[in-house]
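# Observations on the model geometry
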Amino acid sequence: MGHAGEVRRWTPVQTTCRRRRSVRDERALLARAGRVLAVSDVHADRPENWKWVVERLADRQRNEDVLLLPGDLCEDEITFRNVLSRVRPLYRDVFLCFGNHDLWVHHRGSDEDAADDSLSKMDRLEAICREEGVKTKPDRIENVWIVPLHSWHHKSFDKEGPEADWEAKLWSHGWTRPAPRDYEACVWPGALGELPAGDEGVARHFDELNDESWERKRKVDQHVITFSHFVPDTRLNPEKRMLTHPSLLEVVGSDFLGRRVRRIGPDVHVFGHSHFGWDMVLEGTRYVQPALGYPRERSLRLRSLAISPSGTDQRRLRQALLPHMAPRSKYVQPADVPRPAWLPLPVYDLEDGLLEPRVALWSNYYEKIGRHPHVKELPPWTRARAQRIEKWVRQRQIRQSRNQNT
């Protein structure tokens, strides 16, 4: 780990197997019934992602698998219903919680039938779920409780603080960073709408919506799987210096959610929102993020989204990525956008319990290297972006100086 205050340079992680197990045949694993599968951040209103829904999520024979959808299914209510109507008949049960994109109401000006605010839209989406037979409340499947958790992000979740935001320091010389889209696309009624952007009040309100009655029915020998859209712990996200957009930490997670998950102590917690593949154990709970993400993300940074289909062997992850690793430009043709075959990801077996851990780029890195928030040195990718911003700022300052002298 190194001593306190030591500056550690960026080095690639050498991944090794945490434990050796025989790897199950991929086809046999996919054909087996009685698993809990999950995929977050489907964003089905993107044409390439809708194609993935049709070709992968809804292209299967019905069996006893359970599907978890941890938010950001889509922004449009019609697409929301279309996805659920395709998917629901093919699974034993489908559970869903809502993400920020699900509750966007920025289209309401052009649609007379649109919801007036985000909470009203959530009520409408819950009604669609009831009509399609999709569960948004805790329920028991055999000996396992599956618990969707309401949550929302707030700025104080960011524990590194503004001093670690390298991007803001650079842009402050010549540009004001746009506010997160949620602040304009989500509309809150009553007193919630009067709160400052990023205030804890909205996150507290969502946390209070959670149903706790199932906990009184839970028996000692029963297992629990919880899932949410937002991130419950800062350790489940890269540090700010690793992020090309370090302000992400201000809109990614909830301390209310984290306290609730730790109190429940589930076997597995599935989350989404940040679009980083993740598989890590913290305080006895396994945290997994199986995000589909945006088409452009899959084209430009598929490695940070991906999770190995099975096992902790990094070779398996490389094999899964290999068909998608051809050089790609910024402008990717829709036919070239990767459609991951490892999603929806099995996260639990209703017969055998927890599945073996998997490799994901960032969670594997932090398990090997650890977190060093005191380190200020930027890794190569953020350093390159910082240099581009510095160049732009210098050019802007030169132009302003010339204009003042003329």
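Residues numbered from 1 in each chain as written. Predicted model: local features only at pLDDT ≥ 70, side-chain atom pairs only at ≥ 80, totals over all residues. Heavy atoms only, no water.

## Brief notes about unusual backbone geometry
Applied cut-off: Working definition: helices are DSSP H or I runs of at least four residues, strands are E runs of at least two. Numbering for both runs from the N terminus. Accessibility here uses a 1.4 Å probe with only protein chains present; expressed as a share of the type maximum, an area under 20% marks a residue as buried, one over 50% as exposed, and anything in between as partly exposed.
With a phi angle near 55°, aspartate 72 is a residue other than glycine that sits in the positive phi range. The residue aspartate 72 is located in the loop between strand E2 (66–70) and helix H3 (77–87) in this model. For histidine 273, which is not a glycine, the phi torsion comes out positive at approximately 80°. Taking the relative accessible area as the measure of exposure, histidine 273 reaches 11% and is therefore buried.

## Considering the nonpolar core
Short version of the rule: The term nonpolar core refers to a set of buried residues drawn from Ala, Val, Leu, Ile, Met, Phe, Trp, Tyr and Cys, joined through side-chain atoms within 4.5 Å.
Ranked by internal contacts, the top residues of the largest apolar core, which has 89 residues, are Leu68 and Phe80. The leading source of residues in this core is helix H4 (residues 118–132), at 5 residues.

## Some remarks on the packing of helix H2 (residues 47–57) against H3
Worth spelling out the cut-off: Lines fitted to C-alpha atoms define the axes here, with helix axes fitted over just the stretch in contact, and angles between the N-to-C directions of these axes take values from 0 to 180 degrees. Here roughly perpendicular refers to angles of 65 to 115 degrees, roughly parallel to angles under 35, roughly antiparallel to angles over 145, and oblique to all remaining angles. Note on contacts: a residue pair is in contact if any heavy atoms of the two residues lie within 4.5 Å. Amino acids outside the nonpolar list (Ala, Val, Leu, Ile, Met, Phe, Trp, Tyr, Cys, Pro) and the charged list (Asp, Glu, Lys, Arg) are all regarded as polar, and Gly is one of them.
Contact pair H2 / H3: the axes reach a minimum separation of 11 Å and the direction vectors enclose 10°. The angle between H2 and H3 places the two elements in the roughly parallel class. In this structure, H2 uses Trp50, Val53, Val54 and Leu57 to contact H3, whose residues at the interface are Asn82, Val83, Arg86 and Val87. Each residue belonging to the contact of H2 with H3 can be placed in one class, and the counts come to 6 nonpolar, 1 polar and 1 charged.

## Here's the deal with the pairing of strand E6 (residues 223–227)
Quick note on the threshold: Think of it this way: DSSP has to see at least two bridges between two strands before they count as a pair. A right-handed crossover is one whose linking path, passing over the helix from the first strand to the second, runs clockwise when the strands point away from the viewer.
Of all 5 residues making up E6, 4 are buried, and the element is well covered by its neighbours. Here strand E5 (residues 144–148) pairs with E6 via 5 bridges, running parallel. Note that in E6 the partner of valine 144 across the bridge is histidine 223. Where E6 lies against strand E7 (residues 268–270), 3 bridges are found, and the strand directions are parallel. Its bridge partner being in E7, threonine 226 is matched across the sheet by histidine 269. Crossover handedness for the path E6 to helix H9 (residues 255–264) to E7: right-handed.

## With respect to the packing of aromatic side chains
Rule in force here: Any two of the Phe, Tyr and Trp rings considered here, Trp counted by its six-membered ring, make a pair once their centres fall within 6.5 Å; the pair's planes then place it as stacked at under 30 degrees, edge-to-face at over 60, or tilted in between. Only when the NZ atom of a Lys or the CZ atom of an Arg is both within 6 Å of the ring centre and within 35 degrees of the ring normal do we say a charge sits over the ring.
Per the counting criterion, the structure on display carries 11 aromatic pairs. Taking the centre distance of 5.7 Å and the plane angle of 45° together, the rings of tryptophan 145 and tryptophan 214 count as tilted. With tryptophan 145 in strand E5 and tryptophan 214 in helix H8 (residues 214–217), this residue pair connects regions lying 69 residues apart in the sequence. The same class applies to tryptophan 145 and to tryptophan 214, which are both buried. Summarising the aromatic geometry, the rings of tryptophan 152 and tryptophan 188 are spaced 5.0 Å apart at their centres and angled 85° between planes, so their arrangement reads as edge-to-face. Of this pair, tryptophan 152 sits in the loop between E5 and helix H5 (166–171) while tryptophan 188 sits in the loop between helix H6 (182–185) and helix H7 (200–208), and the two are 36 residues apart along the sequence. These aromatic residues form a ring-pair network of at least three members: Trp278, Trp362, Tyr365, Tyr366 and Trp381. The ring of phenylalanine 256 is capped by arginine 259, whose NZ or CZ atom sits 5.1 Å from the centre of that ring.

## A closer look at the environment of leucine 192
Assignment of secondary structure puts leucine 192 in the loop between H6 and H7. Considering only alpha carbons, one finds leucine 192 and valine 202, 10 residues apart in sequence, at a separation of 6.3 Å. Those residues in contact with leucine 192, other than ones at most four positions away along the chain, are Leu119, Gly201, Val202 and His205.

## Some words on the packing of H3 against H4
Selection rule: The crossing is said to be left-handed when, going from far helix to near helix, the turn is anticlockwise and less than a right angle, and right-handed when the turn is clockwise.
Two elements in contact, H3 and H4, have axes separated by 10 Å at closest approach and are oriented at 25°. One way to sum up the angle between H3 and H4 is to call them roughly parallel. Judged by the sense of rotation from one axis to the other, the crossing of H3 with H4 is right-handed. Here Glu77, Phe80, Arg81, Leu84 and Ser85 of H3 lie close against H4, whose contacting residues are Lys121, Arg124, Leu125, Ile128, Cys129, Glu131 and Glu132. Considering only residue class, the contact of H3 with H4 consists of 5 nonpolar, 1 polar and 6 charged.

## Focus: the confidence of the model for the protein
Note the following rule: A residue's pLDDT is the confidence the predictor assigns to it, expressed on a 0 to 100 scale.
Scored by pLDDT, the protein comes out at a mean of 82, with 79% of its residues at no less than 70. Every residue in residues 1–27 is under pLDDT 50, and counting partners more than four places away or in other chains gives 54 contacts. The model gives residues 324–335 a pLDDT under 50, and that stretch makes 13 contacts with residues more than four places away or in other chains.

## Observations concerning the sheet that holds E5
The strand order across the open sheet formed by 6 strands is E4-E5-E6-E7-E9-E8, and the pairing between neighbours is mixed. Strands with a single pairing partner mark the edges of an open sheet, and in this sheet they are strand E4 (139–141) and strand E8 (278–282). Adjacent strand axes in the sheet meet at a mean angle of 20°, parallel and antiparallel pairs treated alike. H9 rests against E6, E7 and strand E9 (285–289) of the sheet, and its axis sits at about 170° to E6.

## Observations regarding the pattern of salt bridges
What counts here: Within this document, salt bridges are pairs made up of a side-chain nitrogen of Lys or Arg and a carboxyl oxygen of Asp or Glu, the two lying within 4 Å of each other.
One pass over the structure, following the stated rule, counts 24 salt bridges. Ionic pairing is found between glutamate 64 and arginine 92, a salt bridge with its closest N-O pair at 3.7 Å. With glutamate 64 in the loop between H2 and E2 and arginine 92 in the loop between H3 and strand E3 (93–97), this residue pair connects regions lying 28 residues apart in the sequence. Residue class for glutamate 64 comes out partly exposed when judged on its relative accessible area of 38%. Owing to a relative accessible area of 22%, arginine 92 belongs among the partly exposed residues under this scheme. Of the charged contacts in the structure, one is a salt bridge between aspartate 255 and lysine 159, with a shortest N-O distance of 2.9 Å. Here aspartate 255 is found in helix H9, whereas its partner lysine 159 is found in the loop between E5 and H5, with 96 residues between them in sequence. Given the relative accessible area of 52%, lysine 159 is considered exposed.

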